[in-house]
Amino acid sequence: MSIPKIGPDLPCASPSEHSVQRSYASSRSSQCVVGHIQPVIVVHGGGAGSISKERSERVRNGVTKAALTAYSILKDGGSAIDAVEGAVVVLEDDPEFNAGRGSVLNEEGQVEMDASIMDGSNLNSGAVSAVQGVANPIRLARLVMEKTNHSFLTDRGANQFAKVMGIPETPLEKLITERNVKRLKKEKNEKNPCLTDADKNTGTVGAVALDKNGNLAYATSTGGTINKMTGRVGDSPCVGSGGYADNEIGAVSTTGHGESIIKVNLARLAIFHLEQGKNPQEAADAALCYMKTRVKGLGGLILIDRSGEWAARWTSISMPWAAVKEEKLQYGIIPGVVHVSDMIKKNLNPCV
């Protein structure tokens, strides 16, 4: 079932600006059972430009599989951290997304990946940047959080740590897709001087979750931007920019133009607005609108508060997303349309 989103409910938009501003989705159903918290998972596949009809189905399948996998973890009693890691691993393993095996290539034709994760119960976090030869950087980021006294490892140090932790090295050829080779070649050959970095098709994957114990977490992972300088690090591994989680407030994962997101600390900005009394949709819109008006940056975010209310909002052309709450799956890609399914009760196995 598809439900159209009608009216001026868009970030930064007046009723006359609907064709310019983009966004979708929020959920305001309450946690109706006193003393019992309903688990919630929301995932995104990155803020992007137009997605072809051919790719749309594959992208939709990817985000829904990630959400269903994470929800199964939550329903089985797993933690919010387990759920967001599980969701992002699914997306890192899917070559349709700019993370893990689908990462875009830098100026040298190499893959350099960034990721971060945060536990809202104690504010512990782990992050890695410029990682090579690791299929699932989000797993490495979690190990940084749980197995070291540090919060952030980069480049050679991150790769050395991966070896110590027994993470197998993934050959470069298994991380490079034909699609991304063509995209890099096109970017190098068709440089458009009128196209700013903020206008380029950038992407990230991410997840936020609330578990039955009231714990919140986020995870974000990316391959960065096409034809980026070697060693470039964007927002995704930066706590406060690429994501944030605090049990007392909420959890958020962001996507979009990394340099713009860093300038405004987008994730923490959204959490601030939540802390000030706005609901998730209002908080997300306020943060995205500020980034757009202040630094002309486009992007999106998924946000969940401590009660389980959530929102998925964006100012880019599209943002694949999926959410599961109270046995109901919702998902979408473009503004104005959300698909809703109650069939989750019949089959929670995303592999069937």
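Residue indices follow the written sequence of each chain, beginning from 1 at its first position. Local features in this predicted model are restricted to residues whose pLDDT is 70 or higher, and side-chain atom pairs enter the listing and the counts only when it is 80 or higher, whereas totals over whole chains, interfaces and linings include all residues. The side-chain values count all of the structure's non-hydrogen atoms but skip hydrogen atoms and water molecules.

So, the overall build of the protein: which residues are in play, and what are the values?
Numbering of helices and strands runs from the N terminus, with a helix taken as a DSSP run of H or I at least four residues long and a strand as a DSSP run of E at least two residues long. A tally of helices and strands in the protein yields 8 helices and 15 strands. Three labels apply to residues, based on accessible area from a 1.4 Å probe with only protein chains included: buried if under 20% of the type maximum, exposed if over 50%, partly exposed otherwise in between. Of all 352 residues assigned to the protein, the portion counted as buried reaches 59%. By definition, residues are in contact when any of their heavy atoms lie within 4.5 Å. Sequence separation of at least 24 residues holds for 67% of the intrachain contacts in the protein that already meet a minimum separation of 6. Only the protein chains shown count as covering a residue, and every accessible area follows the Shrake-Rupley method with a 1.4 Å probe. Of the roughly 14800 Å² of accessible surface on the protein, a fraction of 50% belongs to carbon and sulfur atoms.

Outline the pattern of salt bridges, listing residues and values.
We define a salt bridge as a contact between a side-chain nitrogen of Lys or Arg and a carboxyl oxygen of Asp or Glu at a distance within 4 Å. Across all of its chains, the model carries 14 salt bridges by this definition. We note a salt bridge from aspartate 82 to arginine 142, for which the minimum N-O separation is 2.9 Å. One end of the pair, aspartate 82, is in helix H2 (residues 80–92); the other, arginine 142, is in helix H3 (residues 137–147), and 60 residues separate them in sequence. Close ionic contact of glutamate 85 with arginine 139 constitutes a salt bridge, the shortest N to O distance being 3.7 Å. Of this pair, glutamate 85 sits in helix H2 while arginine 139 sits in helix H3; the two residues are 54 residues apart in sequence, bridging distant segments of the chain. A relative accessible area of 10% means that glutamate 85 is categorised as buried.

Could you give an account of the pairing of strand E13 (residues 321–325), naming the residues involved and the relevant values?
Of all 5 residues making up E13, 5 are buried, and the element is well covered by its neighbours. With burial as the criterion, each face of E13 is covered, one bearing Trp321, Ala323 and Lys325 and the other bearing Ala322 and Val324.

Account for helix H1 (residues 53–75), naming residues and giving values.
Along its 23 residues, H1 runs 33 Å from first to last C-alpha, staying within 8% of the 33 Å computed at 1.5 Å per residue. At the C-terminal side of H1, glycine 77 shows a positive phi close to 95 degrees. Here a helix's expected span is defined as the number of its residues, less one, multiplied by 1.5 Å.

Would you mind going over the nonpolar core in detail, with residue names and values included?
Put simply, buried Ala, Val, Leu, Ile, Met, Phe, Trp, Tyr and Cys residues joined by side-chain atoms within 4.5 Å make one nonpolar core. Counting 47 residues, the largest nonpolar core has Ile41, Val43, Ile117, Val128 and Leu140 as the members making the most contacts within it. Per-element tally for this core: the top contributor is H2, with 9 residues. Not counting residues up to four positions away in its chain, the partners in contact with valine 43 are Val63, Ala66, Ala67, Ala87, Gly206, Ala207, Ile302, Pro320, Trp321 and Ala322. Val264, Leu266, Leu303 and Ala312 belong to the second-largest nonpolar core, a separate cluster that totals 37 residues.

So what's going on with the packing of aromatic side chains? Residues and values would help.
Centre distance within 6.5 Å is the pairing criterion for rings of Phe, Tyr and Trp, where only the six-membered ring of Trp is used; planes under 30 degrees apart are then read as stacked, over 60 as edge-to-face, and the remainder as tilted. For the coordinates displayed, the defined rule picks out 1 aromatic pair. For arginine 268, the ring lying beneath its charged end belongs to tyrosine 244, and the centroid distance is 5.0 Å. In this scheme, the term charge over a ring applies when either NZ of a lysine or CZ of an arginine sits within 6 Å of the ring centre and within 35 degrees of the ring normal.

Requested: an account of the packing of H3 against helix H4 (residues 155–164), with residues and values cited.
One can describe the packing of H3 onto H4 by two numbers: an axis separation of 11 Å at closest approach and a directional angle of 80 degrees. The orientation of H3 with respect to H4, classified from their angle, is roughly perpendicular. For the pair H3 and H4, contact is made by Leu140, Leu143, Val144 and Lys147 and by Ala158, Phe161 and Ala162, respectively. Lys, Arg, Asp and Glu make up the charged group, whereas Ala, Val, Leu, Ile, Met, Phe, Trp, Tyr, Cys and Pro make up the nonpolar group; the residues left over, Gly among them, are polar. Here the contact of H3 with H4 is composed, by residue class, of 6 nonpolar, no polar and 1 charged. Note on definitions: angles span 0 to 180 degrees between N-to-C directions of axes, and those axes are lines fitted to C-alpha atoms, for helices only across the stretch in contact. Working definition: roughly parallel below 35 degrees, roughly antiparallel above 145 degrees, roughly perpendicular at 65 to 115 degrees, and oblique for all remaining angles.

How would you summarise helix H7 (residues 266–275) if you had to cite specific residues and measurements?
The element H7 is extensively covered by neighbouring structure, given that 7 of its 10 residues are classed as buried. Restricting attention to buried positions, one finds in H7 the residues Leu266, Ala267, Leu269, Ala270, Ile271, His273 and Leu274. Buried residues along H7 sit in contact with strand E9 (243–246), strand E10 (250–256), helix H6 (258–264), helix H8 (280–295) and strand E11 (299–305). At the exit of H7 stands glycine 277, carrying a positive phi of roughly 110 degrees.

For the packing of H2 against H3, give the residues involved together with the corresponding values.
Packed helix pairs are characterised by how far apart their axes lie and by the angle those axes make with each other. Interhelical geometry of H2 versus H3 gives an angle of 150 degrees and a closest axis separation of 8 Å. Classified by the angle between their axes, H2 and H3 sit roughly antiparallel to one another. Here H2 contributes Ile81, Asp82, Glu85, Val88, Val89 and Glu92 to the contact with H3, which in turn contributes Pro137, Ile138, Arg139, Arg142 and Met145. For the contact of H2 with H3, a count of residues per class yields 6 nonpolar, no polar and 5 charged.

Describe the pairing of strand E8 (residues 216–222), listing the residues and the values that go with them.
Taken across its 7 residues, E8 has 7 buried, putting it largely inside the fold. Of the two faces of E8, the one holding Leu216, Tyr218, Thr220 and Thr222 and the one holding Ala217, Ala219 and Ser221 are both buried throughout. Any two strands are treated as partners once DSSP identifies two or more bridges connecting them. Here strand E4 (residues 113–119) pairs with E8 via 6 bridges, running antiparallel. Its bridge partner being in E8, methionine 118 is matched across the sheet by tyrosine 218. Examined bridge by bridge, strand E7 (residues 205–210) and E8 share 6 bridges and lie antiparallel to one another.

I'd love a proper account of the confidence of the model for the protein, names of residues and values included.
Summary statistics for the protein give a mean pLDDT of 89 and a share of 84% for residues scoring 70 or more. Note on scores: pLDDT gives the predictor's confidence for each residue, bounded by 0 and 100. Confidence drops under pLDDT 50 across residues 1–8; counting only partners more than four residues distant or on other chains, this segment forms 18 contacts. Predicted confidence for residues 14–22 stays below pLDDT 50, and this span has 19 contacts to residues more than four positions away or in other chains.

An account of the side chain of threonine 170 is requested, with residue identities and associated values reported.
Position of threonine 170 relative to the elements: it lies in the loop between H4 and helix H5 (178–189). Residue threonine 170 is classed as buried on the basis of its relative accessible area, which comes to 10%. If we ignore the near neighbours within four places in the chain, the residues touching threonine 170 are Arg101, Gly133, Val134, Ala135 and Leu175.

Go over the environment of alanine 323 with me, naming the residues and quoting the values.
Looking at the secondary structure, you find alanine 323 in strand E13. Judged by relative accessible area, alanine 323 falls into the buried class, the value being 1%. Sequence separation between alanine 323 and valine 40 is 283 residues; the distance between their C-alpha atoms is 7.5 Å. Sequence-distant contacts of alanine 323, that is, excluding residues within four places in its chain, are made with Ile41, Val42, Trp310, Lys328, Leu329 and Gln330.

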